[in-house]
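# A look at the structure
Below, each chain spelled out in residue letters.
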Amino acid sequence: MLNKALLRSREPFADRPARYDNPVRAPGVDLSNLLNLRHLRIALWSLSLGACGGAPAATTSPAPAPAPAPASADATGAGHRVLPPAEAYARGWMPTRTTGVDRFLQAHPDWDGRGVLIGILDSGLDPTVPGLVTTTTGQRKVLDLRDFSGEGAVPLTRLTPSGDQLQLGGKSLAGAGRIRALALKGELWGGTIAEIPLGPPPASDLNGNGSDADTLAVVVARASDGWVLFADTDGDGSFANEKPVHDYLVAKETFGWHAQGRAAPVGVAANFADDRGAPKLDLYFDTSGHGSHVAGIAAAHDMYGVKGFNGVAPGATLLGLKIANNANGGISVTGSMLAAMDYAIRFAADRRLPLVLNMSFGVGNEAEGAARMDQLVDSVLAAHPEVVFAISAGNDGPGLSTMGFPGSAARALTVGATYPGVFLGASGKGGDPIAYFSSRGGELAKPDIVTPGMAYSTVPLWSIGSEQKGGTSMASPHAAGLAALLVSALVQQRQPIDARQIRQALMVTARPVGGETYLDDGTGVADVDAAWRWLAGNRAVPDIAVRAESNGNTAAWRERGLAGPADTLQGFSLTLPTGAAEGTFTLRSSAAWLRAPGSVRLRGGANSVTLAYQARMLARPGVYTAVVTGWTSDTLLGPVFRLVNTVVVPRTGSEFSADLGTIAAGEQGRVFFEARSGRPFTVTYGANRPGEQVLAYLHEPGGQPYREENGFGAGSGDQAATISVDARDVVPGIYEAVAVAPPLDGTTASIEVTQSPYQIEAARTRDGIAVDLVNLTGSPLETEPFVVMVGGERTSRVVATGSAAQRIRFALPAWAVHAVVDVTMDRAQWPRFTDFGLTVFDGAGRQLGQSPLNYAFGRVHVELPASDSTGREAEVGLFPGFADPAGDQRWTALVSIRLYADSAHVSQLPGPQVTLPGGQKMAVTVPWRDPGLPLGEAFFPLGIVVVPEGDRAWTREAGFPPPVTPISQ
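Now for a quick tour of the structure.

What counts and how
Residues numbered from 1 in each chain as written. Predicted model: local features only at pLDDT ≥ 70, side-chain atom pairs only at ≥ 80, totals over all residues. Heavy atoms only, no water. Pairing = 2+ DSSP bridges. Helix = DSSP H or I, 4+ residues; strand = E, 2+ residues; numbered from the N terminus. Axes fitted to C-alpha atoms, helices over the stretch in contact; angles between N-to-C directions. Buried < 20%, exposed > 50% of the residue type's maximum accessible area, 1.4 Å probe, protein only. Phe/Tyr/Trp six-rings, centres within 6.5 Å; stacked < 30°, edge-to-face > 60°. Lys NZ or Arg CZ within 6 Å of the ring centre and 35° of its normal. Core = buried A, V, L, I, M, F, W, Y, C linked by side-chain atoms within 4.5 Å. Contact = heavy atoms within 4.5 Å.

A word on the sheet that holds strand β35 (residues 681–687). The antiparallel open sheet is built from four strands, whose spatial order is β33-β40-β35-β38. The strands lining the two open edges of the sheet, one partner per strand, are β33 (655–663) and β38 (721–725). Direction aside, neighbouring strands of the sheet carry axes that sit 15 degrees apart on average. Across eight bridges, β33 lies against strand β40 (residues 747–755) in antiparallel orientation. In the sheet register, E655 faces β40, and the bridge partner there is T754.

Listed below in structure tokens is the structure:
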């Protein structure tokens, strides 16, 4: 989703702003990686094993992926299309056929979304892109563009011209006389926007001159028809030949800076407000490309000039609502979602337009059901029952219970993703599999439906080459387009619009994906043609809210199996609005292990129903999911509520190998196991037969994807892939390891988990480094621990109030070649946020790396430049975004900054050989020797404790601040 959506992250083809999306690669395990240091921990694991005579196998097999399409030169010369638009159209790369759009529009060509407004809450959108210009009826496609992110805010000051010259941004610009002639009272205001703070190029290169170091000037005046903006768009140093630009809502005008003879790479619109007679200016633009791509999927018409190359609802109009600051990773800002929703509803009401909203955005749930943004979304939709709101599920799959918020809002249409076969060269006749990146339900009875999670769509000129994007960010606007088609039909048939009825129509008529559960695909792949036939019956849908009374939220979720034979009852609360008519509902269970009463009678208010689990059928390790559905006497209405139940039975033991057997194409095998704090472990994924592959994922307790590299290819034998989890990174609780089959081919696979026999802690004392070892086995173990000194660490506790950015500046020593920054906050804080940006800057303010938090923990890896004219300085920036606009919310976070040296500066501290009795704890002292690395202010030495065990070695990374000297009495 921008689904930090789009995003905050984890699929090779998922766009980052969907904020759930994050490119992944197969890690290497070789000493040469000490120089690369992208996978420092894995490399040091290999280093330590080199001393012990062994090393885990490397993985070189790639993740299953579509073959790259041949590039083609774009006519503008700005870049190369991933595929010529006409060829993409011929290949079906806007995959609408699987959702019945072709059949629906063939039967009802005028119900193509016309008369419907789709609000795109995203990173912005560029209205100059061919495909976002007009609707099928020739109407202007984009009705308004409004910025709620503040990214393009331009502070303005009063200007005093000197003749025809203006001094602005350190430059003398001509043409003041022309602007003063248009200005009422002759008053002028001016301001500048700098490119560097907008993030890395080319997005931040607003004028397309190949540099991100420009500062661009604008002049504002009040003309007879309102505020106008002048910009030196062609860079000739004069405003004399420039056109005045009005607020986009007033005149639908855009502009763009550009080099002589070239098109503007970024389309820019002006948002004006009046502040007691003085202007306020926000520049609206899309420097992520995410929102423009999303908008095209929902409603593009004749993309790139190719007739018939359309989005789902080409007749619909668009409202661009920018909620995200693209410069810091596509993060939403405080109050932006709520403000955008409010503006869209008022805008549509003023023009008597039915409204569909789309938000391809989301972050991970730390506490399902507690997110403040969910409450706000549900409150708004309850007050406006005619508004359909599609929200992406997130890209934190394939783990279970990974559904992000605000897609977890009960009244939203939450959309997961399929992997369209047309991008894999498949005919699609067998149906598209669920995309492995698509977030799953668990504690939540979500997603509702799935739609294609990849498309070729509209992008700004600067972003040519990224027309093909994937993620649930792409699935959500597809569903929003489907809703717009249905609303368009209802409007033209003069039928009332009820969002719950439209959601029910799409869910009841969806086609289940074979081999998947409700947690994977909801009710299945949406079919708009079938949904319309259902809607034509004009059936009333009861408004029933479902909650699990324990063990979950809107679904029952037990991740530790059943506590015992008596632990077999699961209660659900079913709430009807006060005053609603009583009704009796027939209950049906989808599995023999889940039993329900034959029926339940519901009255206005809260009601309870109790289900029973058959414990003897839930004994073997695995995942059991079943659904009890509630029906009225009108069976064509479909289930009016669903009671989703999942019981996870984890594997036990410190070492096991799970044969997953045959995994069908695009499906997955799962293994759950419990980890203990301070106890490192490895997970090895492998295909069982030569030539086969799997995609390997690991999820931490609570569903968060493993904090290091995740989602890489694994083959058989030497091509197996191993994830090694350092003791510092172990989160106590239930982990989930997932092996996913390629989307076109089934596979056989196994997962092996090996946990260290030691629990490892370490701290510096006056005598050296005290390594505390607990032997978790019943037998004595011999080991010879040592410490590898790798760099320096600094920890800071940030205590702040409100959403102002917090910054930590630090020096970069000459030996530092790699940095890792962790941000950890109390999980109880997370539901108040909609986003939290984490960015590392160099001394000039350029971004070295960013990784917005998806959960209450976030990590970013940064390769450090070999030289830096700014004096080798860096800065960590923290950018909190709250759901509520109130600015007095207190928050705290612990920030760890770790700097790593190259191999020439790594040193080893040997320790003694010891024998540790089974079940016992021992403190082993490794003598201290200063590593000789000059450390910056507040930094202390950083090392990795290595504990050999036969041909294996177990590690714990730790910082070693000087011991505190006791105060003499």
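Next comes the rest of the description.
Where a strand is regular, its side chains alternate between the two sheet faces. Burial analysis of strand β4 (residues 142–147) places six of its six residues in the buried class, the great majority of the element. When β4 meets strand β15 (residues 317–322), the two strands line up parallel, connected through five bridges. The residue of β15 that forms the bridge with R146 is L321.

Scanning all chains against the criterion turns up 27 aromatic pairs. Ring centres of F255 and W257 lie 5.1 Å apart, and the angle between their planes is 75 degrees; this geometry places the pair in the edge-to-face category. Seen from their ring centres, F673 and F681 are 5.3 Å apart, and the 80 degrees between their planes marks the pair as edge-to-face. The pair F673 / F681 is uniform in exposure class, with both members buried. One aromatic cluster is present, formed by Y89, W93, Y304, F309, F423 and Y456 through successive ring pairs. One cation-aromatic arrangement involves R81 over Y304; the distance from NZ or CZ to the ring centre is 4.1 Å.

Once that is clear, we can look at helix α11 (residues 499–508). Where burial is concerned, most of α11 is hidden: seven out of the 10 residues are buried. Of all the positions in α11, only A499, Q501, I502, Q504, A505, L506 and M507 are classed as buried.

All right, on to the nonpolar core then. Membership of the largest hydrophobic core comes to 118 residues, with the highest contact counts inside it found for I118, V356, I502, L506, W593, F641 and L643. When residues in this core are grouped by element, the largest group, 12 residues, is from helix α10 (residues 472–492). Once residues lying within four places of it in the same chain are set aside, the contact partners of F641 are I544, V546, L574, F585, L587, V600, L602, V628, T629 and G630. One finds F148, M341, V821 and A856 within the second-largest nonpolar core, a separate group that totals 67 residues.

A few words on the environment of D767. Checked against the element boundaries, D767 lands in the loop between β41 (758–765) and β42 (768–775). With sequence-adjacent residues up to four places away left out, D767 is seen in contact with T925, P927 and W928.

The parallel open sheet is built from seven strands, whose spatial order is β4-β15-β3-β18-β19-β20-β21. Looking at the sheet topology across the chains shown, the edges are occupied by β4 and β21 (449–452). Averaged over all neighbouring strand pairs, the angle between strand axes comes to 25 degrees, with direction disregarded.

Geometric descriptors of this kind do not, in isolation, establish any biological role.
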